[in-house]
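# Observations on the three-dimensional arrangement
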Amino acid sequence: MAVHSHPARPAVLGQNQYGKAENRVVKITRDGATHHVKDLNVSVSLSGAMEEVHYSGSNAHVLPTDTTKNTVYAFAKEYGIESAEQFGIHLARHFVTSQEPIHRARIRIEEYAWDRIETSREGAHSFVREGRETRLAQITYDGEKWEVVSGLKDLVVMNSTDSEFWGYVKDKYTTLPEAYDRILATEVSGRWRFNWTDDAREMPDWEKSYEQTRKHLLQAFAETYSLSLQQTLYQMGARIIDHRDEIDEVRFSLPNKHHFPVDLEPFGLKNDNEVYVAADRPYGLIEATVLRDGCEARIPVDLTDL
Ligand SMILES: O=c1[nH]c(=O)c2[nH]c(=O)[nH]c2[nH]1
């Protein structure tokens, strides 16, 4: 394509910058059975001698935004992520010193913090996102009977190992590679229905019930060696039914927050289950009710209806 020059330009280019925004990089560092997680959202913004790409479309000075994305993932492997600041400094220095037309790099980073889930099983690879979930309660009374449904939403959890997914149906549209060691992460939305229905019976201790139900749910997530999110969901519900006599029904809606290992082979790097891209959509959505045997399902299928 012809590169046009504009000797008499009525419109002049002002401040400009470009790069790949919101690179979701998750780095797992393994210290034996103890895993450490760094979870960042990295936005790269470059500026410099970029007049020509705007005026004429010449890309001669343009390092592709796709390359800036690859650099983020490759650096996570090559240099690790000690801190957001250290990681950002590495990246900014790289872009400015390796590409002559790039004069300025701005790296913005958001970091999501994870706490460990306390569990009795061996190994430390289960995490809950820092920041409390939202607790929910719905009370219905018709003058005779009570129905109390409690629950929670926005409880984000992750296992950095002990999750596999294979042996599934394959048709002509199936491309998913089987996974024998993957990250399992979800944002739990759950509701549980109490069997307390009338004033003549003693009420459960609602505060203790919530705290214990949350604990069982988290421990079941952490302790289940998972062959599918469906299996983990059932274990979470069954653990609650087994341990909490006051609850007859549990329903979960679990988005599968996919973490795909990044292919670093093109950069001569081996990704040994360390660097992942955290994809936000589309996501698998796994939903099911777990009931005390013989009890009726009353929690709506669509939890947003509750
Ligand atoms: O745990 C999973 N369950 C699925 O049904 C499913 N489908 C898929 O593509 N990945 C997964 N993972």
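Scope of this entry: the structure provided in the associated data block.

Conventions and cut-offs
- Residues numbered from 1 in each chain as written.
- Predicted model: local features only at pLDDT ≥ 70, side-chain atom pairs only at ≥ 80, totals over all residues.
- Heavy atoms only, no water.
- Helix = DSSP H or I, 4+ residues; strand = E, 2+ residues; numbered from the N terminus.
- Rg over C-alpha atoms; globule rule 2.2 N^0.38 Å.
- Buried < 20%, exposed > 50% of the residue type's maximum accessible area, 1.4 Å probe, protein only.
- Contact = heavy atoms within 4.5 Å.
- Areas by Shrake-Rupley, 256 points an atom, 1.4 Å probe, with all protein chains shown as cover.
- Lys, Arg positive; Asp, Glu negative; His and termini not counted.
- Charge placed at Lys NZ, Arg CZ, Asp CG, Glu CD.
- 1 Å grid on protein atoms, 1.4 Å probe; cavity = no way out; pocket = protein on both sides within 12 Å on 5 of 7 lines; lining within 4 Å.
- Points joined across faces, edges and corners; volume = space filled by probe spheres on them.
- Nonpolar A, V, L, I, M, F, W, Y, C, P; charged D, E, K, R; others polar.
- Salt bridge = Lys/Arg side-chain N within 4 Å of Asp/Glu carboxyl O.
- Expected span 1.5 Å × (residues − 1).
- Pairing = 2+ DSSP bridges.
- Core = buried A, V, L, I, M, F, W, Y, C linked by side-chain atoms within 4.5 Å.
- Near = heavy atom within 4 Å.
- Polar contact = N/O pair within 3.5 Å; in protein donor to acceptor, adjacent residues only side chain to side chain.

### As for the overall build of the protein chain
For the protein chain, the count of helices and strands is five helices and twelve strands. For 306 residues, the compact-globule estimate of 2.2 N^0.38 gives 19 Å, and the protein chain exceeds it by more than 25% at 25 Å. Its C-alpha atoms give the protein chain principal-axis dimensions of roughly 90 × 50 × 45 Å. Residues counted as buried form 43% of the 306 residues belonging to the protein chain. Contacts in the protein chain between residues at least 24 apart in sequence constitute 68% of all its contacts with a sequence separation of at least 6. Looking at the protein chain as shown, the accessible area adds up to about 16700 Å², and 49% of this sits on carbon and sulfur atoms. Separation between the mean location of the 36 positive side-chain charges and that of the 49 negative ones in the protein chain comes to 3 Å.

### Re the layout of surface pockets
Approximately 650 Å³ is the volume found for the largest pocket. If you trace the largest pocket, you find 30 residues lining it, with Glu187, Pro255, Lys257, Asp280 and Tyr283 closest to the centre. Mapped by element, the contributors of at least two residues to the lining of the largest pocket are strand E2 (34-48), strand E7 (146-159), strand E8 (184-194), strand E9 (247-256), strand E11 (275-278) and strand E12 (284-291). Ranked by residues supplied to the lining of the largest pocket, first place goes to E8 with five residues. Residue composition of the lining of the largest pocket, grouped by class: eleven nonpolar, six polar and 13 charged. As a volume, the second largest pocket reaches approximately 510 Å³. Along the wall of the second largest pocket there are 22 residues; nearest its centre are Leu176, Pro177, Ala179, Arg182 and Phe260.

### A short note on the pattern of salt bridges
Within the structure shown, the criterion is met by 13 salt bridges. Where Glu178 meets Lys170, a salt bridge forms, and the shortest distance between an N and an O atom there is 2.8 Å. Glu249 is the partner of Arg193 in a salt bridge, and the nearest nitrogen-oxygen pair spans 2.7 Å. Of this pair, Arg193 sits in strand E8 while Glu249 is found in strand E9, placing the two residues 56 residues apart along the sequence. Residue class for Arg193 comes out buried when judged on its relative accessible area of 5%. Glu249 sits in the buried class, given a relative accessible area of 0%. Each of the salt bridges in this network shares a partner with another, and the network as a whole consists of Arg132, Glu133 and Arg214.

### Remarks on helix H5 (residues 229-243)
Its 15 residues give H5 an end-to-end C-alpha distance of 21 Å, which sits within 8% of 21 Å, the value for a rise of 1.5 Å per residue. Within the span of H5, buried status applies to Leu229, Thr232, Leu233, Met236, Gly237, Ala238, Arg239, Ile240 and Ile241. Structurally, H5 contributes buried residues whose contacts are with E8, helix H4 (206-223), E9 and E12.

### Concerning the pairing of strand E1 (residues 23-31)
Consecutive residues of a regular strand have side chains that alternate between opposite faces of the sheet. As defined by bridge partners, E1 adjoins E2 across nine bridges and the pair is classed as antiparallel. Bridge pairing in E2 links Val25 to Leu40. Pairing geometry for E1 and E11, over three bridges, is antiparallel. Among the inter-strand pairings, Val26 is bridged to a residue of E11, identified as Tyr276.

### Some points on the nonpolar core
One finds Leu155, Val157, Val188, Trp192, Leu217, Met236 and Phe252 to be the most contacted residues of the largest nonpolar core, which totals 29 residues. Listing elements by their share of this core, those giving two or more residues are E7, E8, H4, H5, E9 and E12. Per-element accounting of this core gives the leading share, six residues, to H4. Once residues within four sequence positions are removed from consideration, Val157 is found in contact with Trp114, Ile117, Phe127, Val128, Leu184, Ala185, Thr186, Val188, Leu218 and Phe221. Counting 25 residues, the second largest nonpolar core, distinct from the first, contains Tyr18, Leu46, Leu91 and Ile107.

### Let's talk about the site of the ligand
Around the ligand, the neighbouring residues are Phe165, Leu176, Arg182, Ser228, Leu229, Gln230 and Asn256. At a separation of 2.7 Å, an oxygen atom of the ligand approaches a polar backbone atom of Leu229. Note that a nitrogen atom of the ligand is positioned 3.4 Å from one of the side-chain N or O atoms of Asn256. Calculation on the ligand without its partners gives an accessible area of 290 Å², and the protein chains cover 72% of this total. In the shell around the ligand, the residues fall into three nonpolar, three polar and one charged.

### Thoughts on the side chain of Glu249
Side-chain polar atoms of Glu249 contact the side chain of Arg193, separated by 2.7 Å. Among the polar contacts made by the side chain of Glu249, one reaches the main-chain amide nitrogen of Ile299 at a distance of 2.9 Å. When residues no more than four places from it in sequence are discounted, the contact partners of Glu249 are Arg191, Trp192, Arg193, Ile241, Thr289, Val290, Leu291, Glu296, Ala297, Arg298 and Ile299.

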